[in-house]
Amino acid sequence: MASGRGTKNLDFRRKWDKDEYEKLAEKRLMEEREKKDGKPVQPVKQGLLRHRDYKVDLESKLGKTIVITKTTPQSEMGGYYCNVCDCVVKDSINFLDHINGKKHQRNLGMSMCVERSTLDQVKKRFEVNKKKMEEKQKDYDFEERMKELREKEGKAKAYKKEKQKEKRRAEEDLTFEEDDEMAAVIGFSGFVSTKKSY
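To start, this report covers the structure provided alongside it. Computed from a predicted structure; not experimentally measured.

## Re the layout of surface pockets
Here comes step 1: Volume-wise, the largest pocket comes out at about 530 Å³.
Here comes step 2: Lining the largest pocket are 26 residues, with Tyr54, Val56, Phe95, Ile99 and His104 sitting closest to its centre.
Here comes step 3: Ranked by residue count, the leading element in the lining of the largest pocket is strand 2 (residues 80-82), at three residues.
Here comes step 4: Looking at the lining of the largest pocket residue by residue, the classes come out as 12 nonpolar, seven polar and seven charged.
Here comes step 5: One number sums up the size of the second largest pocket: a volume of about 340 Å³.
Here comes step 6: Around the second largest pocket, the lining residues are Leu48, Leu49, Arg50, His51, Val114, Glu115, Arg116, Ser117, Gln121, Val122 and Arg125.
Here comes step 7: Those elements giving two or more residues to the lining of the second largest pocket turn out to be strand 1 (47-49) and helix 4 (119-139).
Here comes step 8: With three residues, helix 4 is the largest single contributor of residues to the lining of the second largest pocket.
Here comes step 9: Among the residues forming the lining of the second largest pocket, the class breakdown is four nonpolar, three polar and four charged.

The following block contains the structure:
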């Protein structure tokens, strides 16, 4: 049976003292910072995520041929070049994933946290969007739009008829020239009847 000393602690798993290890990690970080400059460096405060203020250019190199040699700089190699992270991404989908990703945003000095909007900001945004919708509805007049469409259709039909007339004229000119050439080869001066009409 069991020994007479009482029950031992049967929990044989190792216990971690989180507070102690946090202190050790902080101490190590402070030592590393002091080694770099000789004085402690404050960590960079990252800003909140913001809208891009530029348009992403995905189509400027579309359909272009580029000669790449050993001496070609990385920014001019095939693919999309990110000058913030100094890397080349091979296709547009991966480039969009990269510029929206955590590493790129961190290099820009932004965290992935978004600013919380207040109730007033949301109400103002709704008002602005509502005004835009009302302006679009005022600009849109059904009768005027139908009139424009009829005019466009009329112009398209007239253009098509004109093209067909030009095509017919070109074909007629071509056939007359061929007939004249044929007559000259055969020896006729023209296809005219020899009967005299009184």
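## Some thoughts on a positive patch on the surface
Here comes step 1: Residues Lys157, Lys161, Lys165, Arg168 and Arg169 make up a contiguous surface patch of positive charge.
Here comes step 2: If you trace the backbone, Lys157 turns up in helix 5 (residues 142-186).
Here comes step 3: On the basis of relative accessibility, which here comes to 58%, the residue Lys157 falls in the exposed class.

## Observations concerning the packing of aromatic side chains
Here the distance between the centres and the angle between the planes together describe a pair of aromatic rings.
Here comes step 1: All chains considered together, the criterion is met by one aromatic pair.
Here comes step 2: Geometrically, the ring pair formed by Tyr80 and Phe95 is stacked, given 5.4 Å between the ring centres and 25 degrees between the ring planes. Note that Tyr80 is positioned in strand 2 and Phe95 in helix 2 (residues 92-99), a separation of 15 residues in sequence.

## Quick word on the pattern of salt bridges
Here comes step 1: With the rule as written, the count across this model stands at two salt bridges.
Here comes step 2: When the shortest N-O distance is used, the salt bridge between Glu32 and Arg28 registers 3.7 Å. Remark: Arg28 and Glu32 occur in helix 1 (residues 18-37); sequence separation between them is four residues, near one turn of the helix.
Here comes step 3: By relative accessible area, which is 38% here, Glu32 ends up partly exposed.
Here comes step 4: For Arg28, a relative accessible area of 46% puts it in the partly exposed group.
Here comes step 5: The closest approach of N and O atoms between Glu148 and Arg145, which form a salt bridge, is 3.7 Å. Residue Glu148 and its partner Arg145 are located together in helix 5, separated by three residues, close to a single helical turn.

Criteria and cut-off values
- Per-chain numbering applies: the sequence of each chain, read as written, is numbered from 1 onward.
- In keeping with the predicted nature of the model, local features appear solely for residues at pLDDT of at least 70, side-chain atom pairs appear and are counted solely at 80 or more, and the whole-chain, interface and lining totals rest on all residues.
- Where side-chain values are given, they derive from all heavy atoms of the structure, hydrogens and water being excluded.
- Every definition here rests on a 1 Å grid over the protein atoms only: cavities are sets of points where a 1.4 Å probe fits but cannot get out, pockets are open sets enclosed by protein on both sides within 12 Å along at least five of seven lines, and lining residues have some atom within 4 Å of a point.
- Grid points are joined across faces, edges and corners, and a volume is the space filled by probe spheres set on the points.
- Helix numbers and strand numbers start at the N terminus; a helix is a DSSP run of H or I with at least 4 residues, a strand a run of E with at least 2.
- Any residue outside Ala, Val, Leu, Ile, Met, Phe, Trp, Tyr, Cys, Pro, Asp, Glu, Lys and Arg is labelled polar, Gly included; the first ten of those are nonpolar and the last four are charged.
- Patch definition: residues above 30% relative accessible area lacking any salt bridge, with like charges linked at up to 9 Å and the nonpolar side chains Val, Leu, Ile, Met, Phe, Trp and Tyr linked at up to 5 Å.
- Accessibility throughout is a Shrake-Rupley quantity obtained with a 1.4 Å probe, and a residue counts as covered only by protein chains that appear here.
- The term salt bridge refers to a pairing of a side-chain nitrogen on Lys or Arg with a carboxyl oxygen on Asp or Glu at a separation within 4 Å.
- All tallies of charge rest on Lys and Arg as positive and Asp and Glu as negative; His and the ends of each chain are not included.
- Where a charge sits is defined by one atom per residue type, namely NZ (Lys), CZ (Arg), CG (Asp) or CD (Glu).
- Categorising residues by exposure relies on relative accessible area from a 1.4 Å probe, with only protein chains included: less than 20% of the type maximum marks a residue as buried, more than 50% marks it as exposed, and the intermediate range marks it as partly exposed.
- Pairing of aromatic side chains requires ring centres within 6.5 Å, counting the rings of Phe and Tyr and the six-membered ring of Trp. Pairs whose planes differ by under 30 degrees are stacked, by over 60 edge-to-face, and all others tilted.

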